[in-house]
Amino acid sequence: MKKISFVTPVYNAQDMLRRTLESVLRQDYPNIEHVVVDGGSSDGTVDVLKEYEKKYLAVGKKLIWISEKDNGIWDATNKATDMSSGELIMYATDVFCNLHIISEIVDAFEKNNIDYLHGGMLYQRDGKIIRRWRGKQGNWRLGWMMASPTLCYTRETWEKHGPYIEEYRASADYDFQIKLFKDKSLKCKAICNPLVIFYAGGISNGSIKLKWNAIKEGNRILHDNNVSFPAFTTFCKIVIAIFAYGLASHESVELEEWMN
């Protein structure tokens, strides 16, 4: 049975951390390791970690954590990954759609001999689902990208293409994805069903200025990875984002319908 390691960076976000820990704790897959790197929070985050350390132990799961100053989200994520030991690695700052998601993910790795996997994602606001991200594989040169919170990969894949480059403040995860896309030796599987419920926010999902900085950084990432016609791919990403956030009709589905 493969061990899966979840890596979670956190800083003064105890509510986010609690819901993430609770979601991982409730998963029916038993061989779970969760590594949390806290940047020295002052809001009670450490108390939450101490509380859940005991809860994880009670159900045979393992929570490893440290609390110390770091250089931001990607430094913390790299630290957490270095501290982990699972054959599979997954970033975790949100909530899984149901109690069986990790069993489904691990089963896909065991049956398909793949290097990484991604899937669908639901966006929530105020307890309601407002948008769906389809898990179907797309063309990354036309601006498509994977939903990062659903991405799970083998340790060998991480060792080949990690760590996250901290210089890319908003889009280090996009850089990692581009490396995966360009590596034709890697095998991928897409799960169309929603895997994760995403809570809006984050570095690249804030103000207009932050979004513009993320666009410029994404274009630079394409240049740095020697992608042909990077401006075209960036333009396609912008068009997709405008459609997704501005023109697409939003649903209003109760969150609880997806979590039971």
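Residues numbered from 1 in each chain as written. Predicted model: local features only at pLDDT ≥ 70, side-chain atom pairs only at ≥ 80, totals over all residues. Heavy atoms only, no water.

## Considerations on empty space enclosed by the protein
Working step 1: One pass over the structure, following the stated rule, counts 1 cavity of 30 Å³ or more.
Working step 2: The computed volume of the largest cavity comes to approximately 60 Å³.
Working step 3: Every residue lining the largest cavity is listed: Tyr91, Ala92, Thr93, Asp94, Val95, Phe96, Pro149 and Val196.
Working step 4: Residues of the lining of the largest cavity, tallied by class, amount to 6 nonpolar, 1 polar and 1 charged. (1 Å grid on protein atoms, 1.4 Å probe; cavity = no way out; pocket = protein on both sides within 12 Å on 5 of 7 lines; lining within 4 Å. Points joined across faces, edges and corners; volume = space filled by probe spheres on them. Nonpolar A, V, L, I, M, F, W, Y, C, P; charged D, E, K, R; others polar.)

## A few points about the packing of aromatic side chains
Working step 1: Per the counting criterion, the structure on display carries 11 aromatic pairs.
Working step 2: Judged by centre distance (5.7 Å) and plane angle (45°), the ring pair of Trp144 and Phe181 falls under tilted. Of this pair, Trp144 sits in the loop between strand E7 (128-133) and strand E8 (152-154) while Phe181 sits in helix H6 (residues 172-182), and the two are 37 residues apart along the sequence.
Working step 3: Taken together, Trp74, Tyr153, Trp158, Tyr164 and Phe176 form an aromatic cluster joined through their ring pairs.
Working step 4: The residue whose ring lies beneath Arg19 is Tyr199, and the NZ or CZ to ring-centre distance is 3.6 Å.
Working step 5: The cationic tip of Lys237 hangs over the ring face of Tyr174; the distance from NZ or CZ to the ring centre is 3.7 Å. (Phe/Tyr/Trp six-rings, centres within 6.5 Å; stacked < 30°, edge-to-face > 60°. Helix = DSSP H or I, 4+ residues; strand = E, 2+ residues; numbered from the N terminus. Lys NZ or Arg CZ within 6 Å of the ring centre and 35° of its normal.)

## Re the confidence of the model for the chain
Working step 1: When pLDDT is averaged along the chain, the result is 91, and 90% of the positions lie at 70 or above.
Working step 2: Of the regions scoring below 50 in pLDDT, residues 252-258 engages in 22 contacts with residues more than four places distant in sequence or in other chains. (pLDDT = per-residue confidence, 0-100. Contact = heavy atoms within 4.5 Å.)

## Structural notes on the pairing of strand E2 (residues 32-38)
Working step 1: Among the 7 residues in E2, 7 count as buried, and that is most of the element.
Working step 2: Residues of E2 alternate between two faces, with Ile32, His34, Val36 and Asp38 on one and Glu33, Val35 and Val37 on the opposite face, all of them buried.
Working step 3: Here strand E1 (residues 4-10) runs beside E2; their pairing, made up of 7 bridges, is parallel. Residue pairing across strands places Phe6 opposite His34, the latter belonging to E2.
Working step 4: The β-α-β motif built from E1, the intervening helix H1 (residues 14-26) and the parallel element E2 has right-handed crossover chirality.
Working step 5: The pairing of E2 with strand E3 (residues 62-67) spans 6 bridges and is parallel. (Buried < 20%, exposed > 50% of the residue type's maximum accessible area, 1.4 Å probe, protein only. Pairing = 2+ DSSP bridges. Right-handed = clockwise from strand over helix to strand, strands pointing away.)

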